[in-house]
Each structure stands twice: as structure tokens, then as C-alpha cells.
Amino acid sequence: MLTLEQQAVHLQQVSRTFALTIPVLPMPLADWVGNAYLLCRIVDTIEDDPALSCSIKQQHMDLFLTSLQGCGSISVEAWSRQLARCLSIDTPQGEQALIADIPSVLARLFSFPAAVQQILVQGVSIMSRGMSAQQQQSSISDGNALDHYCYHVAGVVGELLTELFSVYSPDIEQQKTGLLPLAVSFGEGLQLTNILKDIQEDAARGVCWLPSQPQAAAECSVHHDRQQIADYIALAHGHLRDAVAFTLKLPKQEPGMRQFCLWAIGMAILTLQRVHDHSLSSEAAPVKISRRQVKGVIVSCRGAGWSNALLRAYFRWLGRGLPLTHRDVGELYRRVSAWK
């Protein structure tokens, strides 16, 4: 079984951001969330690998789902070795190591309480089925399709985290119904920010995660349609405002949970600022935020963490100058609930 130390190493290798934020969560919540992230990253690795055809990806997704449920026609060890042999030679070493360690990751999952196992298996299953469905589509056709994609890769993670928070904290369980719509918006905000951040890199390989015609994917860049990019920045900013509302509903006596969320929101808003500046410029520029900016978010959130009023003011200041569009989170949640 994967040890906590080995889980932390995998997190560091596949996501420095989550390797930074997950340890601030209280135990055993940090353990559950760390394992959940690795399970989701396994799905990402299969879905993103350029060496695998859609049919082969579907086969591996199906084998992963049966493995999550503790059953399957072949052993987890045999399947993970088979998958490792199929991966592209360009697959990052951290992801290769994670795929090789799938049996240990699943063994840790199966050591959790039954309620936690159920939450993780359900969330990862929804994600994998949604990604498999998206593989059959040639492009994101409209706003509804974008919501569908963002929900299955990130909105469902917001739900999963809320369910885990509720298992850990009876106070959160009591307000879970009101938190879940905000949690989905939270996840969609982070995913839409990532789409905007990576838009040029994706366009270079002929991929566009914003609504477009298939033949237009290669033209999807921050310079292709500034108004469209501004609209999606505004939409992402609105989702991140919902993320702040979600976080401020968490109990103040759970500072680890709040900081876990606040750091992610702060880094996302700073990234949106970089995307916004980039969209107004005629020159290509990196949109990755600096370590100094990350440190600034952490220090500021820790300093203001005791006061909801200060946190609201801080995030309004952090998002200054960004366009903003608010959505009805209830309506969004009703739609995505039908996609599970």
C-alpha cells in the first residue's frame, strides 16, 4: 500500500500546486484528498496521451473503473503494466511513475472508510465517463458543451471535495445542500482559467477547449477574438467569486480547509490577470504567475483568514480591472446534475 510519504512524492511530481495546498488540510482529510487527486491524475494521463487512440483510451478507462470497484477480468498489476507500455515516450516521468504505482494507489483508497471510498469512486467514475464522451466529439460546440466538459473535469471535483469535507465536519454536512452548487462553480472557474492560460499551447497542437468549429481549433488563441476571450475571462472571474463565497461558508474553526481553497482561488485570479494583460498585448508573453506572487497570496490569505470581510476585500482587490459575469449557480447545478 502507498505510504503517506510516497503519496506526497507522487503529488510533488505531478502537481506542485496541489503538493503545496493539500498538506494544509487537517488529517485524515489531507490523506483522502491527496489520494483523490492521484486517482484523477491517472484519468488525465490516459485521456491526454497522444499515443493512445480513442478506442484504446476507452478500454483503459473501463479497466480503471472496474479496478476502482475492486473487480476486473485482469489483475490491477497486469493492467497497470499494460497501460505503462502503451504510454507515449513523451509522457512526463512523474506520470509514468504514477501509472506504475496504480496498485499501491488503489490499495490506499481501499484502506479508507467505506463512505470515503464511495465518494472517491463515484467522483472519479463521473470524471472518466465524461472524458470518454468528450473524446467522441471533434470540438466544443457551444456554451452548454463547455459547461459539460468543465463539469466532468473540474466541477465534479468541487462536488467530491464538498462531500469529503462533509464526512470530516458535521458543521459542513449541515450546509452541504447550499455548498454543492457553489462547489461546482468553483471547479468550473479553476478549469476555465486553466483553459485560458493554456490556450496558445493547446492551439499549437490543434486543440481548442473554447466553443469553435473543428477547423478553427488551430486559430484559437488570445489574439484570435479579443472580445470572446474577454467574455470567458469575465465568466471565469464570476465562477471564482462563487469560489470565494463557497470558502467563506466553511467554518472559521477549520482554517486548513479555508486556506486550501483560498490559495487556489488567489492563484487562479492572478493567472486570469496575466491572461487579461496578455489578451490586450500584441506580443506573446508567459501567463504563468511567479513564485513571489504565490507567496504573496499565501501570506495575504493567512493574514486575513480570520475575517470574512477582509477576505472579500482582498479578493475584490486581487480581481481589480477584470471583467465580471455572474451566473445563476442554481441553474448551472440543475443542468450538470443531469449529466452524472
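For the structure itself, consult the block above.
Per chain, the residues get numbers from 1 upward, laid out in the order the sequence is written. The model is predicted, so local features are restricted to residues of pLDDT at least 70 and side-chain atom pairs to those at 80 or more, both for listing and for counting; the totals for chains, interfaces and linings are taken over all residues. Side-chain metrics in this entry use all non-hydrogen atoms of the structure; hydrogen atoms and water are not considered.

(A) Focus on the overall build of the chain. Elements are defined by DSSP. Helices are runs of H or I of four residues or more, strands are runs of E of two residues or more, and each kind is numbered from the N terminus. The helix and strand inventory of the chain stands at 17 helices and zero strands. The quantity called the radius of gyration is restricted to C-alpha atoms. Its globule counterpart is 2.2 Å times the number of residues to the power 0.38. Computed over C-alpha atoms, the radius of gyration of the chain comes to 19 Å, within 12% of the 20 Å expected from 2.2 N^0.38 for 340 residues, which places it in the range of a compact globule. Over its C-alpha atoms, taken along the principal directions, the chain stretches across nearly 55 × 50 × 40 Å. Three labels apply to residues, based on accessible area from a 1.4 Å probe with only protein chains included: buried if under 20% of the type maximum, exposed if over 50%, partly exposed otherwise in between. Looking at the chain residue by residue over its 340 residues, the buried ones come to 54%. Whether two residues are in contact is decided by their heavy atoms, any of which lying within 4.5 Å being enough. Across the chain, every contact between residues at least 6 apart in sequence was considered, and the portion connecting residues at least 24 apart equals 73%. For accessible areas, the Shrake-Rupley method is used with a probe of radius 1.4 Å. Any residue's cover is judged against the shown protein chains and nothing else. Here the chain has roughly 15200 Å² of accessible surface; of this, 53% comes from carbon and sulfur atoms. Side-chain charges in the chain split into 28 positive and 30 negative, and the spacing between the mean points of these groups amounts to 8 Å. Charge counting follows a simple rule: Lys and Arg are positive, Asp and Glu are negative, and His as well as the terminal groups are ignored. Taken as the charge location is NZ of Lys, CZ of Arg, CG of Asp or CD of Glu.

(B) Focus on the nonpolar core. Counting 108 residues, the largest nonpolar core has Leu120, Phe165, Leu196, Leu210 and Phe315 as the members making the most contacts within it. Those residues within four positions of leucine 196 in sequence are excluded, and the remaining contacts are Leu210, Ile229, Tyr232, Ile233, Ala236, Leu272 and Val275. In these notes, a set of buried Ala, Val, Leu, Ile, Met, Phe, Trp, Tyr and Cys residues joined through side-chain atoms within 4.5 Å is what counts as a nonpolar core.

(C) Structural context of the environment of aspartate 225. For aspartate 225, the location among the structural elements is in the loop between helix H12 (199-204) and helix H13 (226-248). For the pair aspartate 225 and histidine 152, spaced 73 residues apart in sequence, the C-alpha separation works out to 26 Å.

(D) The arrangement of the packing of helix H3 (residues 29-48) against helix H6 (residues 93-100) in detail. Every axis in this analysis is a line fitted to C-alpha atoms, fitted for helices over the stretch in contact. Angles between the N-to-C directions lie between 0 and 180 degrees. Two elements in contact, H3 and H6, have axes whose closest approach is 10 Å; the angle formed by their N-to-C orientations is 110°. Judged on the interaxial angle alone, H6 and H3 are roughly perpendicular. Like other packed secondary-structure pairs, H3 and H6 cross with a definite hand, here left-handed. Contact with H3, carried on its side by Leu38, Arg41, Ile42 and Thr45, involves Glu95, Leu98 and Ile99 of H6 and no other residues of that element. Charged means Asp, Glu, Lys or Arg here, nonpolar means Ala, Val, Leu, Ile, Met, Phe, Trp, Tyr, Cys or Pro, and polar covers whatever is left, Gly included. Its residues placed into classes, the contact of H3 with H6 shows four nonpolar, one polar and two charged. Comment on the angle field: the value is read as roughly parallel under 35 degrees, roughly antiparallel over 145, roughly perpendicular from 65 to 115, and oblique elsewhere. Take the far helix as the reference: if the near one is turned anticlockwise from it by less than a right angle, the crossing is left-handed, and if turned clockwise, right-handed.

(E) Representation of the state of the cysteines. In this description, the term disulfide denotes a pair of cysteine sulfurs within 2.5 Å. A complete count under the given rule lists zero disulfides for this structure. Among the cysteines around cysteine 40, which has no disulfide bond, cysteine 150 carries the closest sulfur, lying 15 Å off. No disulfide involves cysteine 86; its nearest neighbouring cysteine sulfur is the one of cysteine 54, lying 15 Å away.

(F) Up close: the packing of helix H11 (residues 176-197) against helix H14 (residues 255-279). At a minimum axis separation of 10 Å, H11 and H14 run at an interaxial angle of 35°. Relative to H14, the crossing made by H11 is left-handed. Together, Phe186, Leu190, Thr193, Leu196 and Lys197 of H11 and Cys261, Ala264, Ile265, Ala268, Thr271, Leu272 and Val275 of H14 make up the contact between the two elements.

(G) Up close: the pattern of salt bridges. Salt bridges are defined by distance alone: a side-chain nitrogen of Lys or Arg within 4 Å of a carboxyl oxygen of Asp or Glu. Inspection of the entire model under this criterion finds eight salt bridges. In this structure, arginine 327 and aspartate 147 form a salt bridge, with 2.8 Å as the shortest nitrogen-oxygen distance. Remark: aspartate 147 occurs in helix H9 (residues 143-168) and arginine 327 occurs in the loop between helix H16 (308-318) and helix H17 (329-337); sequence separation between them is 180 residues. On the accessibility criterion, aspartate 147 (4% relative accessible area) is buried. Ionic contacts of the salt-bridge type, sharing partners, join the residues Asp147, Arg327, Glu331 and Arg335 into one network.

(H) Spotlight on the packing of aromatic side chains. Stacked, tilted and edge-to-face pairs are distinguished by plane angle, under 30 degrees for stacked and over 60 for edge-to-face with tilted covering the rest, among Phe, Tyr and Trp rings (Trp via its six-membered ring) whose centres lie within 6.5 Å. Applying the stated criterion to the full structure yields six aromatic pairs. Taken together, a centroid distance of 5.1 Å and an interplanar angle of 70° make the contact between tyrosine 314 and phenylalanine 315 edge-to-face. Following the ring pairs from residue to residue traces out a cluster consisting of Tyr314, Phe315 and Trp317. When the ring centre of tryptophan 317 is taken as origin, the NZ or CZ atom of arginine 320, which lies over that ring, is 4.1 Å away. Only Lys NZ and Arg CZ are tested; either one counts as a charge over a ring when it is within 6 Å of the ring centre and within 35 degrees of the ring normal.

None of this, on its own, says anything about what the molecule does.
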